Number of protein chains: 2
Amino acid sequence: MKKSSTLLTVNPETLTITANLASCDIIKDAMSRYENIIEMDTKKAEVDTNLVKMKSLSIDIKDNECPGYPQLNMNESYNLTVDESSTLSAASVWGVLRGLETFSQLIYVNELKKIQVKKTSIEDRPRFKHRGIMLDTARHYLPVWILLKNLDAMSYNKFNVFHWHIVDDQSFPYQSKRFPDLSAKGAYTAKHVYTHVDIKRIIDYARLRGIRVIPEFDTPGHTASWGKARKDLLTPCYENGTPGVGKYNSHGEYEILNPTLNRTYKFMEDLLGEVVEVFHDNFVHLGMDEAYHACWATNPDISKFMVQNGIAKGDYSALEEYYIEKVLKIVDSLNRSDIIWQDPIDHGAKVPQNAIIQIWKGSKNTAGTWEEYMTNITNQGHQVILSSCWYLNYISYGQDWKKYYQCDPLNFSGSDNNFEKVLGGEACVFGEYIDHTNLLPRLWPRASAAGERLWSSNDVIQDVESAAFRLDEHRCRMLKRGIPAQPILNGYCGEYDLEEQNDRTAQTESKTACTTSSSMKNNYSGYLTLYYIVLYCIMSKRMV
Amino acid sequence: MKKSSTLLTVNPETLTITANLASCDIIKDAMSRYENIIEMDTKKAEVDTNLVKMKSLSIDIKDNECPGYPQLNMNESYNLTVDESSTLSAASVWGVLRGLETFSQLIYVNELKKIQVKKTSIEDRPRFKHRGIMLDTARHYLPVWILLKNLDAMSYNKFNVFHWHIVDDQSFPYQSKRFPDLSAKGAYTAKHVYTHVDIKRIIDYARLRGIRVIPEFDTPGHTASWGKARKDLLTPCYENGTPGVGKYNSHGEYEILNPTLNRTYKFMEDLLGEVVEVFHDNFVHLGMDEAYHACWATNPDISKFMVQNGIAKGDYSALEEYYIEKVLKIVDSLNRSDIIWQDPIDHGAKVPQNAIIQIWKGSKNTAGTWEEYMTNITNQGHQVILSSCWYLNYISYGQDWKKYYQCDPLNFSGSDNNFEKVLGGEACVFGEYIDHTNLLPRLWPRASAAGERLWSSNDVIQDVESAAFRLDEHRCRMLKRGIPAQPILNGYCGEYDLEEQNDRTAQTESKTACTTSSSMKNNYSGYLTLYYIVLYCIMSKRMV
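This structure is a prediction, so every number in the text was calculated from the model and none was measured. (Residues numbered from 1 in each chain as written. Chains lettered and ligands numbered in written order. Predicted model: local features only at pLDDT ≥ 70, side-chain atom pairs only at ≥ 80, totals over all residues. Heavy atoms only, no water.)

A. Spotlight on the interface of chain A and chain B. Each partner contributes to the interface: chain A provides 50 residues, whereas chain B provides 50 residues. Remark: the boundary between chain A and chain B carries 2 salt bridges. Aspartate 435 of chain A is the salt-bridge partner of arginine 475 of chain B, the closest N and O atoms lying 2.8 Å from each other. Viewed at the interface, chain B and chain A are joined by 12 residue pairs in polar contact (both at pLDDT 80 or more). Mapped by element, the contributors of at least two residues to the side of chain A that touches chain B are α15 (439–443) and α17 (464–480) of chain A. (Contact = heavy atoms within 4.5 Å. Salt bridge = Lys/Arg side-chain N within 4 Å of Asp/Glu carboxyl O. Polar contact = N/O pair within 3.5 Å; in protein donor to acceptor, adjacent residues only side chain to side chain. Helix = DSSP H or I, 4+ residues; strand = E, 2+ residues; numbered from the N terminus.)

B. Region of interest: the domain arrangement of chain A. Residue and element names in this part refer to chain A. Splitting chain A by domain gives domain 1 (2–125 + 459–524) and domain 2 (130–455). Put simply, the middle of domain 1 and the middle of domain 2, counted by C-alpha atoms, are 34 Å apart. Counting each side, the surface lost to burial between domain 1 and domain 2 is near 3,900 Å², with a carbon and sulfur contribution of 58%. On the domain 1 side of the contact with domain 2, Tyr69, Leu72 and Ile461 bury the most area, a combined 17% of that side's loss. The tally of links from domain 1 across to domain 2 stands at 4 salt bridges. Inspection of the region where domain 1 meets domain 2 yields 20 residue pairs in polar contact (both at pLDDT 80 or more). For the side of domain 1 that touches domain 2, the elements supplying multiple residues, two or more each, are α1 (25–41), α2 (93–106) and α17. Per element, the largest residue contribution to the side of domain 1 that touches domain 2 is 9 residues, and it comes from α17. Within the side of domain 1 that touches domain 2, the residues separate by chemical class into 24 nonpolar, 11 polar and 15 charged. (Domains from an automatic or database assignment. Buried area = accessible area lost by both parts, 1.4 Å probe. Nonpolar A, V, L, I, M, F, W, Y, C, P; charged D, E, K, R; others polar.)

C. Spatial organisation of the UniProt feature "domain: Beta-hexosaminidase eukaryotic type N-terminal" (unreviewed entry) in chain A. In this numbering, the UniProt entry assigns the feature "domain: Beta-hexosaminidase eukaryotic type N-terminal" (unreviewed entry) to residues 24–106 of chain A. In the segment residues 24–106 of chain A, helix accounts for 37% and strand for 25%; the C-alpha atoms at its two ends are 25 Å apart. (UniProt positions renumbered as here; feature names shortened; annotations may be inferred.)

D. Representation of the relation of the copies chain A and chain B. Placing chain A over chain B gives an RMSD of 0.0 Å and needs a rotation angle of 180°, together with 0.0 Å of translation along the axis. When the rotation and shift are considered jointly, the pair of chain copies conforms to a two-fold rotation axis. No C-alpha of chain A approaches the rotation axis more nearly than that of serine 396 of chain A, which lies at 2.4 Å. Comparing interface residues between copies, 100% of those in chain A also lie at the interface in chain B; the contact surface is shared. (Least-squares fit on C-alpha atoms with pLDDT ≥ 70 in both.)

E. A look at the packing of helix α1 (residues 25–41) of chain B against helix α2 (residues 93–106) of chain B. Residues and elements named next belong to chain B. Interaxial distance between α1 and α2 falls to 10 Å at its minimum, and their mutual angle equals 10°. Regarding the angle of α1 to α2, the classification is roughly parallel. Where α1 abuts α2, its residues Ile26, Ile27, Ala30, Arg33, Tyr34, Ile37, Ile38 and Asp41 lie against Val93, Trp94, Val96, Leu97, Leu100, Glu101, Phe103 and Ser104. (Axes fitted to C-alpha atoms, helices over the stretch in contact; angles between N-to-C directions. Parallel < 35°, antiparallel > 145°, perpendicular 65-115°, else oblique.)

F. Structural context of the UniProt feature "active site" (unreviewed entry) in chain A. All names here are of chain A. Feature annotation in UniProt places "active site" (unreviewed entry) on Glu290, given in this structure's numbering. Glutamate 290 sits in the partly exposed class, given a relative accessible area of 24%. In contact with glutamate 290, other than residues within four places in its own chain, are His222, Asp343 and Trp360. (Buried < 20%, exposed > 50% of the residue type's maximum accessible area, 1.4 Å probe, protein only.)

G. Examining the state of the cysteines more closely. Residues and elements named next belong to chain B. Counted under the stated rule, the structure contains 8 disulfides over all chains. Two residues share a disulfide in this structure: cysteine 389 and cysteine 407, whose sulfurs sit 2.0 Å from each other. In this structure, the disulfide formed by cysteine 389 and cysteine 407 twists by about 45° around the S-S bond and is classed as right-handed. Pair noted here: cysteine 389 is in the loop between β20 (384–386) and α12 (401–406) and cysteine 407 is in the loop between α12 and α13 (416–419), with a separation of 18 residues, a long-range link. Among the residues examined, cysteine 407 registers a relative accessible area of 7% and is labelled buried. Counting only the cysteines that form disulfides, in the order they appear in chain A, gives the pairing 1-2, 3-4, 5-6, 7-8. (Disulfide = S-S within 2.5 Å.)

H. Focus on the sheet that holds strand β12 (residues 212–219) of chain A. Residues and elements named next belong to chain A. With parallel pairing, the 8 strands of this closed barrel are ordered in space as β10-β11-β12-β17-β18-β19-β20-β21. When the angles between neighbouring strand axes are averaged without regard to direction, this sheet yields 30°. Sheet topology places strand β10 (residues 130–136) next to strand β21 (residues 422–429); 6 bridges connect them, and they run parallel. Note that in β21 the partner of histidine 130 across the bridge is glycine 424. Against the sheet, helix α7 (residues 262–278) touches β12 and β17 (283–287), its axis set at about 165° to β12. (Pairing = 2+ DSSP bridges.)

I. Spatial organisation of the nonpolar core. Ile59, Phe162, Trp164, Tyr174, Trp390, Trp401 and Trp444 of chain A are the most contacted members of the largest nonpolar core, which totals 141 residues. Per-element accounting of this core gives the leading share, 9 residues, to helix α3 (residues 144–156) of chain A. Counting the residues that make up this core, at least three belong to each of domain 1 (2–125 + 459–524) and domain 2 (130–455) of chain A. Residues within four places of tyrosine 174 of chain A in sequence aside, it is in contact with Ile166, Val167, Ser183, Tyr194, His196, Ile199, Phe217, Leu271, Glu274, Val275, Val278 and Phe279 of chain A. Of all hydrophobic cores here, the second largest spans 140 residues; its members include Trp94, Val109, Leu182 and Ile202 of chain B. (Core = buried A, V, L, I, M, F, W, Y, C linked by side-chain atoms within 4.5 Å.)

Written as structure tokens, this is what we have:
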């Protein structure tokens, strides 16, 4: 990035945004969305009549294509020049979305409530192509409105994957047309479900923001709620020779899918067949984590099956592998690719090399550190996504965002051969203690720290102390856009924090301008006078 | 409490509530408030036509008095009998408020969406007379609407003190009429202030809910923001013979009030004189915590003053004591009593015995445990308030409410002579990482655990595991009343959690009924069949 000290002003009401592909719904919606966002960001501020006006932004999409759904290999790079006539050019519409976010962040309101923007020239592209947020809608149901609002927040932080951990032991809110009983019996209530219409709405909303929606149907473990309608798919656990009897601290009555039955695979084929019609991403997440073997070990039919199929006595990892191979083949036959959690690899199962492995262990008491897992699993030829550093449901007092910021997915032992297999990372929020009451302030701006790490060039974002002020300003920006992001420093956000908070989708809100406390300004002014970096998060007025 | 198994039903629309003192604004407002709350709690549910109706509640206030503001020694006891014609009798209006809260909690909606209530007879009174929530409006400003909403939540949990840590180093939002510059220069902005009108609104709102509002003007430390307008009150810190020079990690440029100047005391007299006109509680909190002596030690005028006044060289605790004595005398002359944090006692200062001491140390690295402090400070004859266990701004993963629940203010070495000096406790929320975005889910239902501990008889609330289900139900109750209380268990709250959340004062909201997940019910049904206890928190349908 090249920022000059030459200031321009902007009149949001007369600023014209044009594009060569304005008929494409993604571009059309983005132009109107960012016009609104810029008006929101500059509300109650005035044009600076001492300055020349930036009058227009002209958008140029090189491939001249209006695509369907965003995918792993979409091109998100863009070039942005801010001047009296600004230009934003990108290989594809996806780069335009990222460029518009940056453009909106460059426009700011100064202490005298004048709207300003610096002449700037930016070449920008993501460091990692997979930058996700995982939400869990099974432990607590998250209403559609909050999922949409979170997609807004993701777009303000250039995340591009919503990994939807949609079902789990606790509930099955996915409403299947083929198997309506799954949610009729497995959801908390008939209203705690996601219909195909809900899902379409979420996917369409995400698409317009360049965000992929990847569903996770976690098997063979984590399927207790599936058993409410389809106990016949679960393995009966035995105790003292009796099936369907639980044992405290060991296994339930029925748990984990039964990998010995043909009907299990027929069911998975039918369910996943429907899933890939509803979700449009090329990838499906199959979970495969925490498939505890205790229940299998009690069941005589499982033992018999293992003998018949040449699986060594007690080698339940081989049985797990048998299951994995068959389910991954189903996904393959549906023309989709797989993501799975790392557990089968840990168990020594041979997983097809084209499966992407999501690494989540290593931050707690596990056999290896996440760095070791990254080395080992990329050595095995798998592409990987890192989540170990970013379990945002875990909380602690103070500025824990710093540790999220300092985690670098390439900071492990390896060669370029390893590093090129790192697709990116995901911040995960499992829902034991999370619902609509606290999701957004819990997630934002803590996830923003991971967001900057995953987008920005590594050499520009080492300094966690200066990041604090960018992050603080960005949390104020999110506040004024309607995201209740919690504070990370003492201070205030202009007049926004005086107003009553409405948890509605951001675009309908209009909030007053966001500034920072004078003490922070004093701490920070003049820290940097000019820099030439490709920096994602905030082209802050206090950064230059 | 005596609950029978005889069920009644209720029609909220025809239920009549009458009182012998209905002309008293406190009673009038409470009757209409709880009529609304009962309607909210039973929304979308129906009268159970198989049952006899509870038709009326008749309220009898024994002293027949409509008081001004609630005070430390108010009588909050009440007797409640639920029958076809229910009765609530109390010595004073304050007991009526607590009884109405219990009454509202007894009415529930069953699985078939029928409104039910059990015939019940309750004699109830608080275990401790001081049950407070401390909020900090200096590190982040909290808008008036959220303070009001928090008063609602407090009333649902029978708290009776809002300890308002209104100013601190970071900002001075109290708008003084006598000294308007204090907030004009010391508040974050001209809008981040509490005017006398705002404060009156908050106090009136609290009074109607039987909640005292005790302001804290923390001195002599924690006064950096005071210095923005009145640097002449702060001690100039010296470095290398020059006044007004800070030293890293030791002292600022100017800090801590200057105890050697007459103008300091004149100012305190004038400010506190105004404060006691605005606030109506018999107590003023004077802070007195963390008065670090490093700055005083650098200042030659301080040394000179100490020599002149016979204070031993280096005995800054004696200087602190000098300050304390003079300020406490001012409060005495204003016909108010004092609360201070424990620090002066720790420093060995002789504090007048009528000052109430708030104990906050002992949960972290301090010289003693909180139990030791309780023993020692009550031995010195002081009445005490415990907060050490309940710093709710500190967070950790999981069900940390359990440790709040398990802390008992009388669980220390002492005799009745010590125990009778324990007035109660306060849950504190310092605002480093708290503002309107996260205050309510951070505080509720975690503070509810402290609330039950402070209200209920000790022998009935030992079982933390059963408390989890009461607390979970109570969080659902708060949700439907408009408080975004966060979850403590997996599950859901009826249909409430599907709806968009509006952070408005609870009374204006109407939400659907709150139930609990079937898995919880299965875990819990039949656990107790009848009990005779004075239990505050939730007269839960699942408790009997």
